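Architecture at a glance
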Amino acid sequence: MLKRLKIKGLMVIAGMMLVFTFGLIERAGAQGPQACPTVPFSTGWISAPVVPILPPDFVAGLLGTFESSGGGVVGGLDWMYGAGGNPPSLNTTQTGSQLISWWSQKGGRNTTLQVTNTLDVPVAVHVQVLGEDCVELRDFCDFYTGLDTHVYDFSDIITNAGQDISEGILQGREGTVVVTPVEDCVLGTFFPAIAFNFLQGNVAISDPNDVEYGANVYARLADDTTGAFTCTTLTGDPGCSFQTIVPGALQKDFNVLPGSVAVGADLVVLQFADSYGVTYKAVPALSQIGEFIITDAAENQESCTPIVACFARMGVDEALPVSEDFTPPVPTPTPTPTPTPCTSDADCPEGFVCDTTGGVCVVAPTPTPTPTPGGGGGGGGGCAVAGPVGVGTAMANVLIPLVPVAFGFGVRMIRRRNGK
Amino acid sequence: MLKNSFGKLKYLFVLAFLLVTPIKSWGGLGGFNEDIAETDAASFQLYSFWDLRDRDSFVQVTNTGNDFETVHVQIFNVAAGCDEVDFYDDYTPQDTHVYNLRALTRNNGAPLNISIPDNGYGLMVVTVVTGVGGISINDPVLIGNFRVIDDSGYEYRTNSAGFLESSGNDVYTINFNNLNGANASDVVGILVEDAGTGDVEVVAQGTSITFDANIFDADENVISCGDFTFACADGQFDVGVNDVYPATKGGPEICNGNTDTVGFLALAIVDEDPNIDDIFIGFVGLNNGDGTGSMDSWWVGSAGLVPLSSEN
């Protein structure tokens with residue numbers, strides 16, 4: 001009977017966690033694909049506290065926007081600032097041990113990631129590509145000699161060592177990519193993380209709207225809290241781990257160019273926890289992001305419903321909707337002039353002749369010019385207005401594999417009851 | 001590109017090397033540990049690149065604090081011999097403002113009687129000060145970003161660089177690749193004197209910093225490019241990487257004659273003038289001359305395995 005009670009308890013707990021998870025999804029769905037759906041601020045800044053739930057060891061955000069301006073589409077992206085808590089510092093300007101970035105192959109986007117070893121000493125790395133649910137989609141090993149650099153194209157991943165990696169599972173998806181230096185790197189064996197503060201990198205995400213989101217990646221230091229760093233293989237113990245980067249809040253300012261007629265935005269939050277041991281892994285974590293506080297240039301301020309997520313991408317507000325909702329302006333068609341009735345060419349304006357069959361003036365045929373020697377140069381043109389973006393609402397995916405956690409809770413609760 | 005399997009013995013040797021030898025990523029003569037630009041946390045002093053050469057430029061500054069702040073805005077124009085125009089501006093708590101370099105206005109919307117020529121480009125510095133004419137103070141409440149939109153249809157956008165009293169080593173690196181069609185570059189660099197706290201203003205005119213430049217290509221071949229000096233002067237502030245990524249707006253390349261398409265540029269400080277109270281600011285942009293481009297900061301090497309504590 002005790003066994004049946006235990007199983008029942010597990011099922012109850014698991015069920016509660018599933019309901020909780022779907023409740024979170026519902027809340028996110030009701031919120032819409034913007035952090036602040038009904039707020040119309042086109043210039044301002046946004047701030048969101050980070051409240052750990054399943055504690056992460058790394059939390060960061062990015063904000064990218066693009067807009068139709070001057071007949072073309074322009075855009076850019078950078079990391080959000082961190083404030084309070086365990087904030088970032090110099091993490092996108094100083095080399096570090098672990099590289100982290102957003103990647104996206106969604107909606108026609110393509111990601112390229114350049115990784116550089118700035119030390120004249122070789123290093124092995126473990127590359128993890130996590131999806132929107134923060135679960136690993138693909139991982140592989142790679143090797144860098146001293147002072148080596150390599151670019152990963154997420155539409156066709158070839159490692160620095162020349163291995164062709166299957167990347168089909170990545171297409172149409174997005175998430176977080178983590179590059180970790182490891183003691184050794186042969187698939188099928190174990191590889192703990194090591195301290196190697198000499199890696200840097202750049203990510204570029206090209207968008208079908210002819211925009212490139214490009215930025216330095218995050219470089220996370222192997223930290224020494226004891227002041228006497230003797231740790232090489234990272235264990236996760238104090239003084240022997242990656243730097244904890246969990247800011248108290250994420251902040252970023254934004255603006256829209258004068259005269260822009262359409263805008264799209266990508267506010268991205270990504271996080272994970274460290275799992276040390278014989279094999280280091282970046283694993284899912286969970287935090288509440290928000291309430292979002294959005295302030296405009298006149299210091300009008302609104303607060304908006306928080307989200308709970310491991311990975312999320314959304315728009316900013318009504319003026320900066322999520323990028324999937326970006327609709328470039330349609331060129332105004334030139335009105336067709338009313339044909340002039342005629343009986344002879346004399347009835348028609350210059351450049352027109354009379355079509356006596358139809359009784360209206362038509363454009364006079366242009367005589368074929370005599371070819372001249374030599375060729376003209378072609379200039380690079382401005383950017384043509386892109387075709388319509390695929391319509392659809394991109395939702396932050398808050399599906400977290402909580403069921404195993406639920407079972408864990410269930411087991412602990414049962415053990416406490418038995419211990420009374 | 002070699003596929004190596006590292007035995008434990010090799011790994012121990014590598015680690016011993018790292019612990020025993022001075023940590024230096026490449027070259028350099030040592031002794032030039034600069035303060036590093038901070039782009040991930042708020043600061044009291046922000047640096048931004050601006051350019052009006054067939055470009056529009058916008059610099060957004062935000063006071064994330066709960067106090068009223070006075071800022072000193074200095075705009076250095078390289079095309080005008082690094083001449084400076086400056087003004088003071090006020091920010092209420094939680095306030096933000098966008099400076100359009102073609103039509104500068106104060107935060108309260110009042111127009112400024114400052115006209116910057118169409119050929120102007122350079123550095124904009126915004127500093128929290130004690131008051132009009134006052135000195136800079138360590139009140140790290142400013143975040144910001146700058147946007148440089150080229151007439152050909154691409155945008156450079158990145159967080160403004162903030163002042164932080166910390167130091168890495170004396171080697172900077174810049175990645176480059178052309179997988180997205182990049183074929184031009186803007187490598188921006190300047191040494192700013194009297195940066196940080198306690199000064200009435202920063203100085204950009206008359207400073208210089210010299211790097212020993214090398215390119216490492218994707219096959220780890222090293223190409224020596226010789227020395228290159230950055231200063232607030234035409235041909236020394238905004239330059240190109242190499243022949244594949246020439247300077248977008250004309251001017252020299254750091255590695256003239258090199259045609260590598262994928263690699264990284266390593267720049268080790270070999271000389272600087274002056275060498276006090278200064279910070280080096282570097283940005284790099286790559287573009288395809290048509291619709292795509294992006295910009296971010298130069299990378300600087302860590303001081304070593306032990307990160308230095310930051311004073312902020």
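What you see is a predicted model; the values in this text were computed from it and never measured.

Our focus in this paragraph is the side chain of B:Glu38. Looking at the secondary structure, you find B:Glu38 in the loop between helix H1 (8–20) and strand E1 (45–51). Polar contacts involving the side chain of B:Glu38 include one to the main-chain amide nitrogen of B:Asp40, which spans 3.0 Å. With near-sequence residues (within four places) excluded, B:Glu38 lies in contact with A:Ser89, A:Leu90, B:Ser160, B:Ala161, B:Gly162 and B:Leu164.

Residue and element names in this part refer to chain A. The linkage connecting Gly 290 with the following residue, Glu 291, adopts the cis geometry, with an omega of 20°. Within the secondary structure, Glu 291 sits in the loop between strand E22 (286–289) and strand E23 (292–296). If you check the backbone angles, Leu 90 has positive phi at about 65° while not being a glycine. In this fold, Leu 90 is placed in the loop between strand E5 (81–86) and strand E6 (98–104). Overall, the relative accessible area of 5% leaves Leu 90 in the buried class.

Attention shifts here to the sheet that holds strand E17 (residues 278–287) of chain B. All names here are of chain B. Across the sheet, five strands lie side by side as E15-E14-E11-E17-E18; this open sheet has mixed pairing. In this open sheet, the two edge strands, each paired with only one partner strand, are strand E15 (253–255) and strand E18 (293–297). Averaged over neighbouring strand pairs, the angle between their axes works out to 30° when direction is ignored. In terms of strand pairing, strand E11 (residues 184–193) meets E17 through 10 bridges, oriented antiparallel. Residue Ser 185 lies in a different strand from E17, and its bridge partner there is Leu 286.

With that settled, consider the pairing of strand E13 (residues 222–231) of chain B. All names here are of chain B. Of the strand pairs in this sheet, strand E12 (residues 208–217) and E13 are connected by nine bridges, and their pairing is antiparallel. Across the sheet, the residue bridging to Ile 209 is Phe 230, located in E13. Count of turn residues in the E12/E13 antiparallel hairpin: four residues, of which Glu 220 carries a positive phi of about 60°.

As a further point, take the nonpolar core. By size, the foremost hydrophobic cluster in this structure holds 63 residues, and its most contacted members are A:Trp102, A:Leu113, A:Tyr152, A:Leu234 and A:Leu270. Examining the composition of this core, we find that five residues originate from one element, strand E8 (residues 123–130) of chain A, more than from any other. Those residues in contact with A:Leu270, other than ones at most four positions away along the chain, are A:Phe58, A:Val59, A:Ala60, A:Leu62, A:Trp79, A:Ile100, A:Ser101, A:Trp102, A:Thr176, A:Cys310 and A:Phe311. If you look at the next biggest cluster of nonpolar residues, it comprises 48 residues, including B:Phe49, B:Val78, B:Val126 and B:Val141.

Our focus in this paragraph is the confidence of the model for chain A. Residue and element names in this part refer to chain A. Summarising the model, chain A shows a mean pLDDT of 81, and 75% of its residues fall at 70 or more. Considering only residues more than four positions removed or in separate chains, one finds that residues 2–16, a stretch of pLDDT under 50, has 13 contacts. Residue range residues 371–420 is modelled with pLDDT below 50. Its contacts to residues more than four positions away, or to other chains, number 78 contacts.

What counts and how
- Residues numbered from 1 in each chain as written.
- Chains lettered and ligands numbered in written order.
- Predicted model: local features only at pLDDT ≥ 70, side-chain atom pairs only at ≥ 80, totals over all residues.
- Heavy atoms only, no water.
- Helix = DSSP H or I, 4+ residues; strand = E, 2+ residues; numbered from the N terminus.
- Polar contact = N/O pair within 3.5 Å; in protein donor to acceptor, adjacent residues only side chain to side chain.
- Contact = heavy atoms within 4.5 Å.
- Buried < 20%, exposed > 50% of the residue type's maximum accessible area, 1.4 Å probe, protein only.
- Pairing = 2+ DSSP bridges.
- Axes fitted to C-alpha atoms, helices over the stretch in contact; angles between N-to-C directions.
- Core = buried A, V, L, I, M, F, W, Y, C linked by side-chain atoms within 4.5 Å.
- pLDDT = per-residue confidence, 0-100.

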